[in-house]
Amino acid sequence: LPIQPCKSGATVVVVRPKEEDVKKELLVLSLFVLATFAAFATGSQEPKATGPVSLSMWTQESENENSYQYVQSLIAGYMKDHPTVTIHLLQKGTEALRQDFLTASLAGQAPDFLWTVSDHAGPFTAAGVIQPVGKLFDLSKYVASAVDAVRLDGKEWGVPISNGNELMLLYNKSLVPNPPQNTDELIKMGKELTKDGVYGLVFNQVEPFWLVPWLGGFGGKVFADDGTTPTLNTPQMVSTLQFLYDLKYKYQIIPKESDYAAMDSLFKTGKAAMIINGDWSLGEYQKLLGDKLGVARIPKVSSTGLWPAPYTSGKFFMLSKELAGDKLAVVKDFVNWATDKDNQLTMVKDLARLPALTTALSDPLITSDPILKGAAEQMTVGTPMPIVVQMRAVWDAMKPEMNAVLSNSESPASAAVKMQQAAVTGIQNMH
């Protein structure tokens, strides 16, 4: 173009670009715009459901603690506000849910998402049937220990619902004004209380989940420092099994037989002064006993000076690997809503469980409640439950031998040997 004079007295030279250069610039700009649009279309914007959505969810929550009813009410509340969404809920036992979900996933018939325990993450990730959630949800708003409980291989595999899930000592203040602080006191009180059809203590004598706290109290663990090598044939395990045997046969302060349903019934009907049970049971027991319900740590092991260390974890939403599209959009919305502060505090009121949402955990509803305070104190001496797939073999190895000891058909020493052998074989078979 011709040289144009400027007001400052200087001159400006304007050069017309070549036609081929203009075409190149337009091509680059077009590609940039298309790439940006594609980025938004594939994940930068929250996907929205475009029509009616039907979802299926499985849970292992039990009707006994009113927790299944809570999940039902939560779903009903969401569907009321979202009339185009239907969520079909199915209840299964913890072990049945694990097995059935694996089977259904392999058959292409898995539910869309789960409300379940953290230790299911191990077998589910090993089988490749759930998807990581770290990029789908803002996990920073949940308690770090809860998020850590479902982290494997650098990825998070569940969205926390509750925090804790630990066993603790619950007692009826009408029978036990002050809880025992150590096992010597537990045995002494238990012998005084066990009479006229009432037992001093009850716990689940069938499942090794109730053995693990005592193993910690005797200084043992189920895995070596590598987190995957079983350490079940140890003096600590023998001492643990001997202690449980003595409670039944030497001191006679626990029933001859007691699974979960039996121990729960005995405590609810006033036939047990103390029970070892989890935070999931607090809501139901509070309704029955009111201010007569006491919560404390499981008594310290007198011979070691160590507190029993129950496994801690919580409940989590886990998403099927096949969940996508409109269904994924609705599940994300439901999960975020179900774990917001209002619903977390409702869970505290209904079930007396510690929430996983950080802002809810610091609410006065929790900090001023003696029951929840007791649960939190027990959690501080707990230990995170391993979610490695090898834990499945350990559970399967411990259960029959624990049952054999408590049925007086095998010695603690022999049971410890067989536990270790079964765990090692089970892990080998996994591979």
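Residues numbered from 1 in each chain as written. Predicted model: local features only at pLDDT ≥ 70, side-chain atom pairs only at ≥ 80, totals over all residues. Heavy atoms only, no water.

A.B. asks: What's the story with the packing of aromatic side chains in this structure? I'm lost.
C.D. replies: Aromatic ring pairs are defined here through the distance separating the ring centres and the angle between the ring planes. Tallying each qualifying case throughout the model produces 20 aromatic pairs. Here the aromatic rings of F209 and W395 are separated by 6.3 Å at their centres, their planes lie at 50 degrees, and the arrangement is tilted. Here the residue F209 occupies a position in the loop between β10 (199-202) and α7 (212-217), and W395 occupies one in helix α16 (residues 390-406), the gap between them amounting to 186 residues. Take F209: its relative accessible area is 13%, and that puts it in the buried class. Ring geometry for W210 versus Y260: centroids 6.0 Å apart, planes at 65 degrees, classification edge-to-face. A residue pair is termed long-range when its members are at least 10 positions apart, and W210 in the loop between β10 and α7 and Y260 in helix α9 (residues 260-268) qualify at 50 residues. As far as the burial class goes, W210 and Y260 line up, both buried. (Phe/Tyr/Trp six-rings, centres within 6.5 Å; stacked < 30°, edge-to-face > 60°. Helix = DSSP H or I, 4+ residues; strand = E, 2+ residues; numbered from the N terminus. Buried < 20%, exposed > 50% of the residue type's maximum accessible area, 1.4 Å probe, protein only.)

A.B. asks: Would you take a moment to explain the environment of S62 for this structure?
C.D. replies: Summarising the element assignment, S62 is placed in the loop between β3 (53-59) and α2 (67-81). Along the primary structure S62 and G93 are separated by 31 residues, whereas in three dimensions their C-alpha atoms are 7.9 Å apart. Those residues within four positions of S62 in sequence are excluded, and the remaining contacts are S67, Y68, Q69 and Q91. (Contact = heavy atoms within 4.5 Å.)

A.B. asks: Hey, could you run me through the pattern of salt bridges in this one?
C.D. replies: Side chains that carry opposite charge are capable of pairing whenever their charged atoms lie near each other. Tallied over the entire structure, the rule returns 14 salt bridges. For R392, the salt bridge is made with E95, and the minimal N-O distance between the two is 3.1 Å. Of this pair, R392 sits in helix α16 while E95 is found in helix α3 (residues 94-106), placing the two residues 297 residues apart along the sequence. The class for E95 is partly exposed, based on a relative accessible area of 33%. In this structure, K268 engages D264 in a salt bridge whose closest nitrogen and oxygen atoms are separated by 3.0 Å. (Salt bridge = Lys/Arg side-chain N within 4 Å of Asp/Glu carboxyl O.)

A.B. asks: Could you clarify how one ought to interpret the pairing of β3 in this entry?
C.D. replies: Most of β3 sits inside the fold, with 5 of its 7 residues counted as buried. With 7 bridges connecting them, β3 and strand β4 (residues 85-91) associate as parallel partners. Bridge pairing in β4 places V53 opposite V85. With respect to chirality, the unit in which β3 leads through α2 into the neighbouring parallel β4 is right-handed. Two strands pair when backbone bridges link them, and β3 and strand β5 (residues 113-117) are joined in this way by 3 bridges, in the parallel orientation. In the sheet register, T59 faces β5, and the bridge partner there is W115. (Pairing = 2+ DSSP bridges. Right-handed = clockwise from strand over helix to strand, strands pointing away.)

A.B. asks: I keep staring at the packing of helix α8 (residues 235-250) against helix α17 (residues 412-430) and nothing clicks. Help me out?
C.D. replies: Helix-helix packing: each pair is described by the crossing angle between the helix axes and the interaxial distance. Running from N to C, α8 and α17 cross one another at 130 degrees; their axes reach a closest spacing of 8 Å. Taken together, α8 and α17 sit at an angle that is classed as oblique. In this structure, the crossing between α8 and α17 has a hand that is right-handed. Contact residues: α8 offers M237, V238, L241 and Q242, while α17 offers P412, A413, A415, A416 and M419. In the contact of α8 with α17, the residues fall into 8 nonpolar, 1 polar and no charged. (Axes fitted to C-alpha atoms, helices over the stretch in contact; angles between N-to-C directions. Parallel < 35°, antiparallel > 145°, perpendicular 65-115°, else oblique. Left-handed = near helix turned anticlockwise from the far one by under 90°. Nonpolar A, V, L, I, M, F, W, Y, C, P; charged D, E, K, R; others polar.)

A.B. asks: Any chance you could explain unusual backbone geometry here in plain terms?
C.D. replies: A negative phi angle characterises most non-glycine residues, just as the trans form characterises most peptide bonds. Positioned with a positive phi, Q252 is a non-glycine residue whose angle comes to about 55 degrees. Tracing the backbone through its elements, the reader meets Q252 in the loop between α8 and α9. Residue classification places Q252 among the exposed residues on the basis of a relative accessible area of 52%. For A352, which is not glycine, the phi dihedral falls at a positive 55 degrees.

A.B. asks: Please explain the sheet that holds strand β11 (residues 272-278) as it appears in this structure.
C.D. replies: Strands in a sheet are paired, the pairing made by backbone hydrogen bonds, and the direction either parallel or antiparallel. Read from one edge to the other, the open sheet built from 4 strands follows the order β10-β11-β9-β12, with strand pairing classed as mixed. Of all strands in the sheet, those bounded by a partner on one side alone are β10 and β12 (293-296). With strand direction ignored, the average angle separating the axes of adjacent strands in the sheet is 20 degrees. Relative to β12, strand β9 (residues 167-172) is paired through 4 bridges, and the arrangement is antiparallel. When the sheet's bridge partners are listed, L170 is paired in β12 with V295. Running over the sheet, helix α15 (residues 370-379) touches β9 and β12 and is turned about 25 degrees from β12.

A.B. asks: Sorry, what's going on with the side chain of T240 here?
C.D. replies: As for its placement among the helices and strands, T240 is situated in helix α8. T240 gets classed as buried once you look at its relative accessible area, which sits at 0%. Discounting residues that sit within four places of it in the chain, T240 has contacts with L211, W214, L215 and F218.

A.B. asks: Whenever I open this one, α17 confuses me. Can you help?
C.D. replies: Turn by turn, an α-helix covers 3.6 residues, leaving residues three or four places apart pointing in a common direction. The terminal C-alpha atoms of α17 lie 27 Å apart, and with 19 residues this matches the ideal 27 Å at 1.5 Å per residue to within 8%. Regarding α17, the residues found buried are P412, A415, A416, M419, Q420, A423 and I427. Axial view of α17: buried residues confined to an arc of 140 degrees, hence all on one face. Among the exposed residues of α17, those oriented more than 90 degrees off its buried face are Q428 and N429. Residues of α17 that are buried sit in contact with α8 and α16. (Expected span 1.5 Å × (residues − 1). Arc of directions from axis to C-beta.)

A.B. asks: Help me understand the confidence of the model for the protein in this model?
C.D. replies: Should the pLDDT be low somewhere, the predicted coordinates at that spot are not to be read in detail. Mean pLDDT over the protein works out to 89, with 88% of the residues at or above the 70 mark. Residue range residues 1-15 is modelled with pLDDT below 50. Its contacts to residues more than four positions away, or to other chains, number 8 contacts. Note on residues 26-47: pLDDT is under 50 here. Beyond four places in sequence and across chains, it has 4 contacts. (pLDDT = per-residue confidence, 0-100.)

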